[in-house]
Amino acid sequence: MTTLPSARILAIESSCDETACAVIENGRALLASVVASQMEIHARYGGVYPEVASRQHVLSIVPVVEQALAQSHLTLKDIDAVAVTRGPGLAGSLVVGMNMAKGLALGLGRPLVGVNHLEGHIYSSWVYDAGEVVPPEPQFPLMALLVSGGHTELNLMTDHLEYQRLGSTLDDAAGEAFDKVARLLGLAYPGGPSIQKAAEEGDPTRFSFPRAWLEGTDNFSFSGLKTAVLYEVRELEKKRFTLPVHDLAASFQAAVVDVLFTKTMEAAREHQAKEILVAGGVSANRALRKAFQSQTEFRVHIPPLALCTDNAAMIAAAGYFRFALGHISPLDIDVQPTWPLS
Ligand code: KG4
Ligand code: ZN
């Protein structure tokens, strides 16, 4: 096994509506993590407004980097490399973080490391708070379920930075389905946490919504489920019934969790994975976490809640392994708004 070098990485994440900076030591020990969320601003529009997001990043980026450095008790001179999210994400938002990272790397004479945002989500399971008990490191081959606002994928990770994409969604991402169904039910943005909250007081068996198993593949599909909820809502409204929002939310969530959990378990068995990893915003979902944590067949890595949604700690972790394994980026790299993981 190769011994990896010691290094402190400062990372920047600005792919969507969170401006974030973090400092990590040796890819795992988190020294600082600051996230400035724009959620309240975008909630007014019922979703992320790209132009507004870029301009908020411009306002937040310098204070966020300064706060992260202060929290880490380090100075810029102590940083060995600067990592940054290169994509996927909103182009105008990515540019802000990218330019800040390039400026820092150039000014400090340190390497720049471009990181894929989804790779970042995966590496959030390597992170722990410096000073805490070191949690077990994920072991390869690892079956990684990525569930975010823009992606739903199963990747077999055979080693650091080695991904084999087995399947992905044919239509909506899981998070997107949560957001769209929340809107349909009149629940607040972002939809995931709103559905979860409503579902906690609902009956998940009241409506038997369809599960798209897509048997024989590792792909997913959530648009049929979303349409089934829409038809149910229309039907109930036609009869002038008060919408049973809690039961609808619980039944919808149960269908999503059922498919994500079952297909991931099947893929892990089929590909002889040692362990399972769940990452991305939807991994914050309590029902999904419970499904994975209740089984004993595989050790499952799911990040703590603060690391499920967008943050820079995960970019710092992935950035460290890229840096340590010699994947340095030139200073003239562009952002990659649609950058698949594999
Ligand atoms: O990873 P993320 O923060 O951003 C992207 O990279 O897309 O994921 C955001 C997505 C949103 O669709 C949001 O509704 C969903 O994650 N999400 C949740 C929960 N918290 C966030 N979905 C279900 N349950 C949650 N508790
Ligand atoms: Zn994300």
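Presented here is a report on the structure given in the accompanying data block. Worth saying up front: this structure is predicted, and the values here are computed from it rather than measured.

## A short note on the overall build of the protein chain
In terms of helices and strands, the protein chain carries ten helices and eleven strands. A principal-axis box enclosing the C-alpha atoms of the protein chain has dimensions of 65 × 45 × 35 Å. Taking contacts inside the protein chain between residues at least 6 apart in sequence as the whole, the part at least 24 apart equals 73%. Per element, the accessible surface of the protein chain, about 14,900 Å² overall, is 52% carbon and sulfur. Treating the 27 positive side-chain charges of the protein chain as one cloud and the 37 negative ones as another, the clouds have centres 4 Å apart.

## A few points about helix 8 (residues 245-270)
Over its 26 residues, helix 8 runs 38 Å from end to end, which matches the ideal 38 Å to within 8%, given 1.5 Å per residue. After helix 8 finishes, the residue Gln-272 shows a positive phi value of roughly 50°.

## Considerations on the sheet that holds strand 6 (residues 128-129)
The strands making up a sheet associate through backbone hydrogen bonding, with each pair oriented either parallel or antiparallel. If you walk across this open sheet you meet the six strands as 5-4-1-2-3-6, and the pairing is mixed. Either end of the sheet is taken by a strand with one partner, and the two such strands are strand 5 (112-116) and strand 6. Running at roughly 25° to strand 2 (residues 18-25), helix 2 (residues 50-72) makes contact with strand 1 (8-13), strand 2 and strand 3 (29-37) of the sheet. In the packing of helix 3 (residues 91-108) onto the sheet, contacts are made with strand 1, strand 4 (81-87) and strand 5, and the angle to strand 4 comes to roughly 160°.

## Notes on the pattern of salt bridges
Counted according to the given criterion, the structure contains 14 salt bridges. For Glu-25, the salt bridge identified is with Arg-8, shortest N-O distance 3.0 Å. Here the residue Glu-25 occupies a position in strand 2, and Arg-8 occupies one in strand 1, the gap between them amounting to 17 residues. You can call Glu-25 partly exposed: its relative accessible area is 26%. Residue classification places Arg-8 among the partly exposed positions, given a relative accessible area of 26%. Among the ionic pairs, Lys-226 bridges to Asp-172, the shortest N-O distance being 2.9 Å.

Reading guide: rules and limits
Residues numbered from 1 in each chain as written. Chains lettered and ligands numbered in written order. Predicted model: local features only at pLDDT ≥ 70, side-chain atom pairs only at ≥ 80, totals over all residues. Heavy atoms only, no water. Helix = DSSP H or I, 4+ residues; strand = E, 2+ residues; numbered from the N terminus. Contact = heavy atoms within 4.5 Å. Areas by Shrake-Rupley, 256 points an atom, 1.4 Å probe, with all protein chains shown as cover. Lys, Arg positive; Asp, Glu negative; His and termini not counted. Charge placed at Lys NZ, Arg CZ, Asp CG, Glu CD. Expected span 1.5 Å × (residues − 1). Pairing = 2+ DSSP bridges. Axes fitted to C-alpha atoms, helices over the stretch in contact; angles between N-to-C directions. Salt bridge = Lys/Arg side-chain N within 4 Å of Asp/Glu carboxyl O. Buried < 20%, exposed > 50% of the residue type's maximum accessible area, 1.4 Å probe, protein only.

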